[in-house]
Structures are given as C-alpha cells and as structure tokens.
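# Observations on the three-dimensional arrangement
Residues per chain are reported as follows:
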Amino acid sequence: MSKCEQCIVREFSSLKTLTKDELLHMAECKTSRSIRKGDIIFSEGDNVNGVYCVKDGVCKLTKLSSNGKDQIVKLVHKGELLGQRSMITEEPANLSAVAIEDMQVCFIPKGEILQFFSQNPKFTMSMMRTICGDLKDADDLMVNMAQKTVKERLAHTLLYLSDTFGNLADGSLKLQLSREEIASIIGTATESCIRLLSELNKTRLIALDGKRITILDRKALERLSGD
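Residue positions within a chain follow its written sequence, with the count starting from 1. Residues qualify for local features only when their pLDDT is at least 70, as the model is predicted, and side-chain atom pairs are given and counted only at 80 or more; totals for whole chains, interfaces and linings, by contrast, use all residues. Note that the side-chain values use all heavy atoms of the structure and ignore hydrogens as well as water.

### Focus on the UniProt feature "domain: Cyclic nucleotide-binding" (unreviewed entry) in the chain
UniProt records the feature "domain: Cyclic nucleotide-binding" (unreviewed entry) at residues 14-110, using the numbering of this structure. Each helix is a run of DSSP H or I of at least 4 residues and each strand a run of E of at least 2, with the numbering of both proceeding from the N terminus. Each end of residues 14-110 is marked by a C-alpha atom, and these two atoms are 15 Å apart; helix forms 18% of the span and strand 42%. UniProt positions are given in the numbering used here, feature names are shortened, and annotations may be inferred rather than shown by experiment.

What follows is the structure, given as structure tokens:
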C-alpha cells in the first residue's frame, strides 16, 4: 500500500494535494490496468465515469473530424490524468484516447474523485489548474493551426517531441510516431508530411532512418518553427 501511495504522490501533480488517509483510501479503490500499444482506453462519446492516472507510457487524444479522419490534439504521458473534464462536466468524452506505447494506468472511480472535491479544496484547485492548462494548450493549438504553415508546424512538433519525451542514446527522438500520426498532429495529409520530412532531411536539419528521426540542427529548426 505504501508503494502505491508513494507512486501517486510522486507521479501525479493533481493528486499530490491529497492527505495520506485520502491517498490510502484511493489506493484501495483504484484499479490497475495494463494497456497494449494500439488499444483504445476510451472512445469519443463514451461515459468515462472516472479518472485514469498514467503511470507509464504515452497515449494520443484524438478528435474525429467531418472527413472521417482522426486529428491528434494532444499527447498524454507519465504523470498526467485522463478523463477529468468529462467527469466534472458529466458529459460523454469529447476525445478518444489510444495508446501509442504499452501503458500502465490506474483507474479511479468518479465517486471517489468527487468525494475528494467536496472535502479537499487544495485538490479542487489543483484539478482546476490542470483543466485550465488543457484549455490553454487548446488555444495555442488553434493559433498554431491558423497562423503557421505546415512546415512551421512540423518543425514545432519535432522540437516538442524532443523536449517533452527526450532522445535515445543515438540522438533520435525517443517517442517514435508513424508518419500518419505526425501528419495528424500538424494537420496535413500523410503524403505532405513525408515530403516535408524529406526536405528537412535533405537540408540536414534532421536525419531519417526508418521511423527514427534525429534533430541535427536545432537552431535552424527553431528559426523555422517561428516560435
């Protein structure tokens, strides 16, 4: 039990405000789950009825567009929460969550989380800050999609992947996304994404080796991103 308590305190920012007794109670109520790469955690329109704590791995949050394609709106990684907005608004999930790596998550039922809201103001404020941060990210994404060229968005995304998820020993991006997934993040066709990556490879801003991408000239990529 203490190991679970320490894990929750260490990993999840919105939950570190809970008291020791609250953490122990949550540990008794949570359900641990292993999720394989490609598995759906929940789909757009589902009633989530709780919160998922990401202990390990990465998933993508996607929105189905009018043309039937999924747009990736966010990547969620270790230490973050899933499903809190739907739980608070009591509405079906607005996004789908799909694992892009093998994941370890804990599911905490809605009733337990709402109980913490009623008895712990620090927890409530921390959760609200998390949701406000998500709204800020959504605003930034909207501005990027509207004002940046596809090439600028690609440069920005490659830098984000490096800064957020790190690099392997050989210097390549640790999080290896498919060309289709990168295209979905930057809002373009897969063919256009492949062509732009090839251009960056030819100009030696990046190096390509299968799915592996290595940033070679960070300064030039930063200038290109327009940030």
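### Considerations on helix α2 (residues 20-29)
Those residues of α2 that fall on the buried side of the exposure criterion are Glu22, Leu23, Met26 and Ala27. Buried residues in α2, looked at end-on, bunch into an arc of 140°, giving them a common side. Set apart from the buried face of α2 by more than 90 degrees, the exposed residues are Lys20, Asp21 and Glu28. We call a residue buried when its accessible area falls under 20% of the maximum for its residue type, exposed when it is over 50%, and partly exposed in between, using a 1.4 Å probe and counting protein chains only. The directions from the helix axis to the C-beta atoms are what the arc is built from.

### Examining unusual backbone geometry
Residues other than glycine seldom take positive phi values, yet Glu90 does so here, at roughly 55°. By the secondary structure assignment, Glu90 is in the loop between α3 (84-89) and β7 (96-99). The exposure class assigned to Glu90 is exposed, which follows from its relative accessible area of 60%. Positive phi is not limited to glycine here, since Arg204 has a value of about 65°. Mapped onto the elements of the fold, Arg204 is located in the loop between α8 (190-202) and β9 (206-209). Take Arg204: its relative accessible area is 53%, and that puts it in the exposed class.

### What to know about the sheet that holds strand β2 (residues 40-42)
Note: two strands are recorded as paired if DSSP finds a minimum of 2 bridges between them. With antiparallel pairing, the 4 strands of this open sheet are ordered in space as β2-β7-β4-β5. Across the chains shown, the open sheet's two edge strands, defined by having one partner strand only, are β2 and β5 (70-76). Strand-to-strand twist across the sheet, computed as the mean angle between neighbouring axes with direction ignored, equals 30°. Here an axis means a line fitted to C-alpha atoms, over the contact stretch when the element is a helix, while the angle between two N-to-C directions is reported on a 0 to 180 degree scale.

### Brief notes about the UniProt feature "domain: HTH crp-type" (unreviewed entry) in the chain
Sequence positions flagged by UniProt for "domain: HTH crp-type" (unreviewed entry) are, in local numbering, residues 148-219. Along residues 148-219, the helical share is 54% and the strand share 11%, with 18 Å between the first and last C-alpha atoms.

### Some remarks on the side chain of Ser184
Positionally, Ser184 belongs in helix α7 (residues 179-186). The class of Ser184 is buried, set by a relative accessible area of 11%. Working rule for contacts: check all heavy atoms of both residues, and any pair within 4.5 Å makes them a contact. Those residues in contact with Ser184, other than ones at most four positions away along the chain, are Asp70, Gln71 and Ile72.

### Focus on the state of the cysteines
Here, the term disulfide refers to a pair of cysteine sulfur atoms separated by no more than 2.5 Å. Per the counting criterion, the structure on display carries 0 disulfides. With no disulfide of its own, Cys132 lies closest to Cys53 among cysteine sulfurs, the gap being 19 Å.

### Some thoughts on the layout of surface pockets
Only protein atoms enter the 1 Å grid used here, on which a cavity is any set of points holding a 1.4 Å probe that cannot leave and a pocket is any open set flanked by protein within 12 Å on both sides along at least five of seven lines; residues with an atom within 4 Å of a point are listed as lining. Grid points are joined across faces, edges and corners, and a volume is the space filled by probe spheres set on the points. Approximately 1100 Å³ is the volume attributed to the largest pocket. Along the wall of the largest pocket there are 37 residues; nearest its centre are Val73, Lys74, Leu75, Asp134 and Asp137. Every element with two or more residues in the lining of the largest pocket is listed here: β5, β6 (81-82), α3, α5 (121-147), α6 (150-165) and α7. Looking at the lining of the largest pocket element by element, the count peaks at 9 residues for α5. Gly counts as polar in this scheme, as do all residues outside two lists: the nonpolar Ala, Val, Leu, Ile, Met, Phe, Trp, Tyr, Cys and Pro, and the charged Asp, Glu, Lys and Arg. In the lining of the largest pocket, the residues fall into 17 nonpolar, 13 polar and 7 charged. Source of the domain bounds: an automatic or database domain assignment. For the lining of the largest pocket, the two domains that each supply at least three residues are domain 1 (4-145) and domain 2 (148-225). Its volume calculated, the second largest pocket comes out at about 370 Å³. As for the second largest pocket, its lining consists of 18 residues, of which Lys69, Asp70, Gln71, Glu180 and Ser184 are closest to the centre. At the level of secondary structure, the elements contributing two or more residues to the lining of the second largest pocket comprise β4 (59-64), β5 and α7. Top contributing element to the lining of the second largest pocket by residue count: α7, with 4 residues. Class assignment for the residues of the lining of the second largest pocket results in 4 nonpolar, 9 polar and 5 charged.

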